[in-house]
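Chains, contacts and geometry: an overview
Okay, here's what each chain looks like letter by letter:
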Protein chains: 2
Amino acid sequence: MNIRLYNARILTMEENREVFQGEIRIQDGRIIYVGAEGSFEGTDSQSSGAKSFQAFVKWDREIDCEGNLLMPGFKDAHTHSGMTLLRSYADDLPLNEWLNHKIFPVEAKMTGEDIGVLSKLAVLEYLTSGITAVFDMYLTPETIADAFDEMGMRCVQVGAVNNFSQSPAMVEEMFQKLNSRGPLQSYILGFHAEYTCSKELLTEIADLSHKYKAPVFTHLSETKQEVEGCKERYGMTPPVFLDSIGMFEYGGGGYHCVHMTSQDIDIMKKRGLYAITNPGSNTKLASGIAPVADFLKAGVKVAIGTDGPSSNNALDMFREMFLVTGLSKLREEDAAAADAMDILKMATVNGSHAMGLKDTDVLAAGKAADLIMIDLNQPNMQPLNNIAKNLVYSGSKQNVAMTMINGVILYEKGRFYTKEQPKEIYEKVEQIRRRLL
Amino acid sequence: MNIRLYNARILTMEENREVFQGEIRIQDGRIIYVGAEGSFEGTDSQSSGAKSFQAFVKWDREIDCEGNLLMPGFKDAHTHSGMTLLRSYADDLPLNEWLNHKIFPVEAKMTGEDIGVLSKLAVLEYLTSGITAVFDMYLTPETIADAFDEMGMRCVQVGAVNNFSQSPAMVEEMFQKLNSRGPLQSYILGFHAEYTCSKELLTEIADLSHKYKAPVFTHLSETKQEVEGCKERYGMTPPVFLDSIGMFEYGGGGYHCVHMTSQDIDIMKKRGLYAITNPGSNTKLASGIAPVADFLKAGVKVAIGTDGPSSNNALDMFREMFLVTGLSKLREEDAAAADAMDILKMATVNGSHAMGLKDTDVLAAGKAADLIMIDLNQPNMQPLNNIAKNLVYSGSKQNVAMTMINGVILYEKGRFYTKEQPKEIYEKVEQIRRRLL
């Protein structure tokens, strides 16, 4: 599909580039032009003179954006898509109780096929929120990859080694298999958390990281109890302990990063680790407020994740963006903390880089066409005093007019163009719900 | 218009009544039936036998709700609609600086006509969020009432007496005028805040309250500085001081109520005052987290407001609902604090009662037909493990399929049925923006 999107405002998310008026041209899943209208070096189907190899491009669709905004899709840098089943199933509980008494017993009964179906439900929701790629940690990587491929959505999975189910050997197998699978799926080394892994297991994961010179991600310092437990076990906070066994020699990062000392933050900076913040989940589970302003000050890169639909419970990047800045302002007692452009960068560029997706970060020629259209003609975006601030402070899922992944429009004006449609997916989820809950 | 909404799930918000399957019938702006399908005592246009006075009701529209949810519209219990102009105009500043250096200078230049137009923009946004009535405090009550009447939206205005513009005499005049104006507009006594009123002014307002035996509302204990300032001036916190001059003898309440002592909370309880919480604004301006859990424990009634679009910046009850519960959980370090049904009650029943709207609180025969339809067939509402929790924890404006006020559908499936349409309003707002900013 070759698509031309014209009469648009464009926020490329390249450094220091303001919103401008122009067009974007897409050929076979890649952006071939971002810029002013009429300056494209090739020709389109309407014009006669061929100036370059683009001469033969036919535009399958030319979309008048009516002044609306095109920007990179959001990257959800931490989620558990398969947990849609457990949305509103066990709320209003602290993390430990929620996990051990409510979540784990149901998860033990889920099949790989179930998890595929449940992940597809999550994909629908991501699309409505303009999320074009997710960093997913869950139980059955192959059925998850199948589900995302069938839906046409980009997914980076991360290992979830723990004492009970996933082994380092399985993670190594998936690392090889899913990284050679195709353009939409990839895999990064990881483990569930320090508190669910023996020291022996953790050492094996560090060894894997060294073997492949590859980054490692994990749940990190999410709750006070987790930090206290690690200090009891090893006399160190989780980042210090994990770094001491060589876990982060090739980078990676932590999900949550709520209870962090200045020494922890120094390690994050030194190792180039991403702090992936999940404010919706940390709020709902009463885990605490991450020190995002401290990360920014220290030069630690921050990305944003929704966490799973059982702890958040929405897969909504707009809500997360407002929470990241809002909670930072509250924590610092400073209304200037974490401004709108910082937040947009976290939700797009930084997420993309954390997930190892080098070509979905900004809108530019040569990059993958993972982009969204934001409807500026909704009342919550008016007047257009400052589009970036509007996105972060008053934007909502309602403003997502189109979501495109790898050059394919999967969601447009409230309709889904996925292979499997919502109705079928909801029915299958309901069958799983009746069986398991 | 006589409207029948059938094949619906219904959440009436009456005490201890669960969601059930049924229909709602509306005649000339009032609900005449809420219950199971087929049990209505009257007859509709399709049936032959007349059983009651309802025999001659013709249904202008019969709407198949396709299993979606009908519930009372949300009540936005504190806002400044006319501030839409200032959305994303001066963000990332603390309240005092924001107000004195950015907001007041522009407001001084706004005309009543401007404020009418700007309020209409806010109305559009309220409708997209399922808000059917607002408690509005702003500068020119009559042009605001005109704007809301023209748009068909319910608005309760509150006096904003202060040292600079609104006098008690003007508030008294508006109290008489707007309360005899018509079904959609009403007016409640109030002043801007203790820190913007002399003691003499405050005494005059208390006198007005005694004269009319009427409640009084005001901004109350929003920031630490406000509380400290009041203690310096009068040796008391704002609630204690205001109560000491007889301000709350006939009830009323406070907007924000962030920095409250246990003595303040006792006064709220004793006087039956409403604590109207505005978490989006308090977050964005770094004002603090209101002690909502303490209010609930003490039996103080809580309602929810968005505050104005310059401090929040969204007029989105879904975001506010999540923030009220989320911030309470964080503040209490307790994931069970402020559960979903508490929050829904704040956003509907309590808001309605705080605003003096006795017949828009729940869905029942005899009540005004101010109701909304929530699309449960969006992925963020699936599966339907618990509809109330879904509304609060994963619901969004995207789920608002229809907003009806006083029996008139003003917003349905993304389209506005207001007299003035978005495009005209946006253009007028843009003209104001060019003139004033």
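Residues numbered from 1 in each chain as written. Chains lettered and ligands numbered in written order. Predicted model: local features only at pLDDT ≥ 70, side-chain atom pairs only at ≥ 80, totals over all residues. Heavy atoms only, no water.

Our next topic: the relation of the copies chain B and chain A. With an axial shift of 0.0 Å and an RMSD of 0.0 Å, the rotation relating chain B to chain A amounts to 180 degrees. Such a turn and shift between the copies fits a two-fold axis. If distances are taken from each C-alpha of chain B to the rotation axis, the shortest is found for Gln-398 of chain B, at 2.5 Å. Same-surface contact between copies: 100% of interface residues of chain B are shared with the interface of chain A. (Least-squares fit on C-alpha atoms with pLDDT ≥ 70 in both. Contact = heavy atoms within 4.5 Å.)

Where the parts come together, the accessible area they lose is often given as the size of the interface. Residue and element names in this part refer to chain A. Domain annotation of chain A identifies domain 1 (2–72 + 360–416) and domain 2 (82–354). On a C-alpha basis, the centres of domain 1 and domain 2 stand 30 Å from each other. Opposite the 29 residues of domain 1 that make contact, domain 2 presents 31 residues. Of the roughly 2,500 Å² buried between domain 1 and domain 2 on both sides combined, carbon and sulfur atoms contribute 69%. Counting the surface domain 1 buries against domain 2, the share from its top three residues, Val-392, Tyr-393 and Lys-397, is 26%. Run the count over domain 1 and domain 2 and you get two salt bridges. Listed by contribution, the elements that provide at least two residues to the side of domain 1 that touches domain 2 are β5 (69–72), β14 (371–374), α13 (387–394), β15 (400–405) and β16 (408–412). The leading source of residues in the side of domain 1 that touches domain 2 is α13, at five residues. Classifying every residue of the side of domain 1 that touches domain 2 gives 19 nonpolar, five polar and five charged. (Domains from an automatic or database assignment. Buried area = accessible area lost by both parts, 1.4 Å probe. Salt bridge = Lys/Arg side-chain N within 4 Å of Asp/Glu carboxyl O. Helix = DSSP H or I, 4+ residues; strand = E, 2+ residues; numbered from the N terminus. Nonpolar A, V, L, I, M, F, W, Y, C, P; charged D, E, K, R; others polar.)

Taken together, the contact between chain B and chain A spans 61 residues of the former and 61 residues of the latter. Note on chain B versus chain A: buried area summed over both sides is about 4,800 Å², and carbon and sulfur give 59% of it. We note a salt bridge from Glu-333 of chain A to Lys-224 of chain B, for which the minimum N-O separation is 3.2 Å. Along the contact surface separating chain B from chain A lie 26 residue pairs in polar contact (both at pLDDT 80 or more). Within the residue set of the side of chain B that touches chain A, elements represented by two or more residues are α2 (112–128), α9 (279–284), α11 (317–332), α13 (387–394) and α14 (422–436) of chain B. (Polar contact = N/O pair within 3.5 Å; in protein donor to acceptor, adjacent residues only side chain to side chain.)

Right, let's talk about the pairing of strand β2 (residues 20–27) of chain A for a bit. Residues and elements named next belong to chain A. Among the eight residues in β2, six count as buried, and that is most of the element. Relative to β2, strand β1 (residues 2–10) runs antiparallel, the two sharing seven bridges. Within β2, the position partnered with Ile-3 by the bridge is Ile-26. By the bridge criterion, five bridges tie β2 to strand β3 (residues 30–35) in an arrangement that is antiparallel. Its bridge partner lying in β3, Ile-24 is registered against Val-34. (Buried < 20%, exposed > 50% of the residue type's maximum accessible area, 1.4 Å probe, protein only. Pairing = 2+ DSSP bridges.)

Take the packing of aromatic side chains next. Enumeration over the complete set of coordinates arrives at 18 aromatic pairs over all chains. Considering the side-chain rings of Phe-135 of chain B and Tyr-255 of chain B, the 5.7 Å spacing of their centres and the 85 degrees angle between planes classify their relative orientation as edge-to-face. Pair noted here: Phe-135 of chain B is in strand β7 (residues 131–136) and Tyr-255 of chain B is in strand β11 (residues 252–256), with a separation of 120 residues, a long-range link. Across the pair, exposure class does not vary: Phe-135 of chain B and Tyr-255 of chain B are buried alike. Site record: aromatic cluster; members linked through ring pairs are Tyr-33, Phe-40 and Trp-59 of chain A. (Phe/Tyr/Trp six-rings, centres within 6.5 Å; stacked < 30°, edge-to-face > 60°.)

Residues and elements named next belong to chain A. With parallel pairing, eight strands are arranged side by side in an open sheet as β6-β7-β8-β9-β10-β11-β12-β13. With one partner strand each, in any of the chains shown, β6 (74–79) and β13 (302–304) form the two edges of the open sheet. Adjacent strand axes in the sheet meet at a mean angle of 25 degrees, parallel and antiparallel pairs treated alike. Of the pairings in the sheet, the one linking strand β9 (residues 185–193) to strand β10 (residues 216–220) comprises four bridges and is parallel in character. In the sheet register, Gly-190 faces β10, and the bridge partner there is Phe-217. Strand contacts of helix α3 (residues 141–151): β7 (131–136), β8 (154–158) and β9, with the helix running at about 170 degrees to β8, the strand carrying the most contacts. (Axes fitted to C-alpha atoms, helices over the stretch in contact; angles between N-to-C directions.)

Here the focus is the environment of Ile-409 of chain A. All names here are of chain A. Relative to the helices and strands, Ile-409 is located in strand β16. Its relative accessible area of 11% is what places Ile-409 among the buried residues. Along the sequence, Ile-409 and Leu-371 sit 38 residues apart, while their C-alpha atoms lie 9.2 Å from each other. Discounting residues that sit within four places of it in the chain, Ile-409 has contacts with Ile-3, Arg-61, Ile-63, Met-402, Thr-403, Met-404 and Tyr-417.

Looking now at unusual backbone geometry. Here the amide bond leading from Asn-312 of chain A into Asn-313 of chain A is cis, since omega sits at 5 degrees, within 30 degrees of zero. That bond from Gln-382 of chain B to Pro-383 of chain B is cis: its omega, -10 degrees, falls within 30 degrees of zero. Here Pro-383 of chain B lies in the loop between β14 (371–374) and α13. Unlike most non-glycine residues, Glu-333 of chain B shows phi in positive territory, near 50 degrees. You can see Glu-333 of chain B is positioned in the loop between α11 and α12 (340–354). Residue classification places Glu-333 of chain B among the exposed residues on the basis of a relative accessible area of 57%.

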